[in-house]
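What the coordinates show
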Amino acid sequence: MNGNRFIKENALHLSWVVALAATLGSLYFSEILHFLPCKLCWYQRILMYPLVIILAIAAVRKDTKQYLYVLPLSVWGMGISLYHYLMQKTSWFKEAATGCGPVPCDVDYINWLGFITIPFLALIAFTLITILHLMMLVVERKSSFSY
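Below, the structure is looked at part by part. (Residues numbered from 1 in each chain as written. Predicted model: local features only at pLDDT ≥ 70, side-chain atom pairs only at ≥ 80, totals over all residues. Heavy atoms only, no water.)

1. Looking at the packing of aromatic side chains
In total, this model carries five aromatic pairs according to the counting rule given. Here the aromatic rings of tyrosine 28 and phenylalanine 29 are separated by 6.0 Å at their centres, their planes lie at 55°, and the arrangement is tilted. A centroid spacing of 4.5 Å and a plane angle of 5° characterise the contact between phenylalanine 35 and tyrosine 109, whose relative ring orientation is stacked. Taken together, the residues phenylalanine 35 in the loop between helix H1 (2–32) and helix H2 (39–61) and tyrosine 109 in the loop between helix H4 (94–98) and helix H5 (118–145) connect sequence positions 74 residues apart. Residue classification places phenylalanine 35 among the buried residues on the basis of a relative accessible area of 19%. An aromatic cluster is present here, built from Tyr28, Phe29, Phe35 and Tyr109 joined pairwise through their rings. Taking the ring centre of tryptophan 42 as reference, the NZ or CZ of arginine 45 above it sits at 5.0 Å. (Phe/Tyr/Trp six-rings, centres within 6.5 Å; stacked < 30°, edge-to-face > 60°. Helix = DSSP H or I, 4+ residues; strand = E, 2+ residues; numbered from the N terminus. Buried < 20%, exposed > 50% of the residue type's maximum accessible area, 1.4 Å probe, protein only. Lys NZ or Arg CZ within 6 Å of the ring centre and 35° of its normal.)

Structure (structure tokens):
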């Protein structure tokens, strides 16, 4: 039961911190380091940036039912990030990478430890947010059935 309480009290704040870090990271890469985002990077930003606002409001209001709005954005973001990462690291989608726009989607601006790229960082952020909100959903459902 202590884990459920921790999730209820902290998941919104933790997911907001993840979304904020991802947003600030993407802005750092584009505005400070001048990395031009590709089309798939823009799609990931479109899904991540609103999460900062939604999760901030939810955390202040302690609205644990925000998973209804957050999960669709985070799951879509996971899918796009995974596709983008596979495009960079495998040969499965290489043909699609060059037709991605002015900046090809398989460009590795960063490649830390041989596998950490910008889409990988986005995938981790979307996955963490998704896990936290799925845990909130489970806790919410358990608490509604315990009465």
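2. Observations concerning a nonpolar patch on the surface
Together, Trp112, Leu113, Phe115 and Leu121 make up a nonpolar patch on the protein surface, roughly 430 Å² of accessible area in all. Inspection of the secondary structure assignment puts tryptophan 112 in the loop between H4 and H5. (Patch = residues over 30% accessible without salt bridge, like charges linked within 9 Å, V, L, I, M, F, W, Y side chains within 5 Å. Areas by Shrake-Rupley, 256 points an atom, 1.4 Å probe, with all protein chains shown as cover. Salt bridge = Lys/Arg side-chain N within 4 Å of Asp/Glu carboxyl O.)

3. Focus on H2
Along its 23 residues, H2 runs 34 Å from first to last C-alpha, staying within 8% of the 33 Å computed at 1.5 Å per residue. One or two positions beyond H2, positive phi appears at lysine 62, with a value near 55°. (Expected span 1.5 Å × (residues − 1).)

4. Observations concerning the environment of leucine 20
Position of leucine 20 relative to the elements: it lies in helix H1. Judged by its relative accessible area of 25%, leucine 20 falls in the partly exposed class. Along the primary structure leucine 20 and cysteine 38 are separated by 18 residues, whereas in three dimensions their C-alpha atoms are 21 Å apart.

5. Remarks on the pattern of salt bridges
Any two side chains of opposite charge can pair, so long as their charged atoms come close to each other. Under the criterion given, the structure shown has three salt bridges. The residue lysine 65 makes a salt bridge to glutamate 140 at a minimum N-O spacing of 3.1 Å. In this pair, lysine 65 is assigned in the loop between H2 and helix H3 (67–89) and glutamate 140 in helix H5, connecting sequence segments 75 residues apart. The class for glutamate 140 is buried, based on a relative accessible area of 14%. Salt-bridge contacts for lysine 89 lead to aspartate 108; the nearest nitrogen and oxygen are separated by 3.7 Å. Taken together, the residues span a long stretch of sequence, with lysine 89 in helix H3 and aspartate 108 in the loop between H4 and H5 at a distance of 19 residues. The exposure class assigned to lysine 89 is partly exposed, which follows from its relative accessible area of 30%. Here aspartate 108 falls in the partly exposed class, since its relative accessible area comes to 32%.

That is the geometry; function is a separate question.
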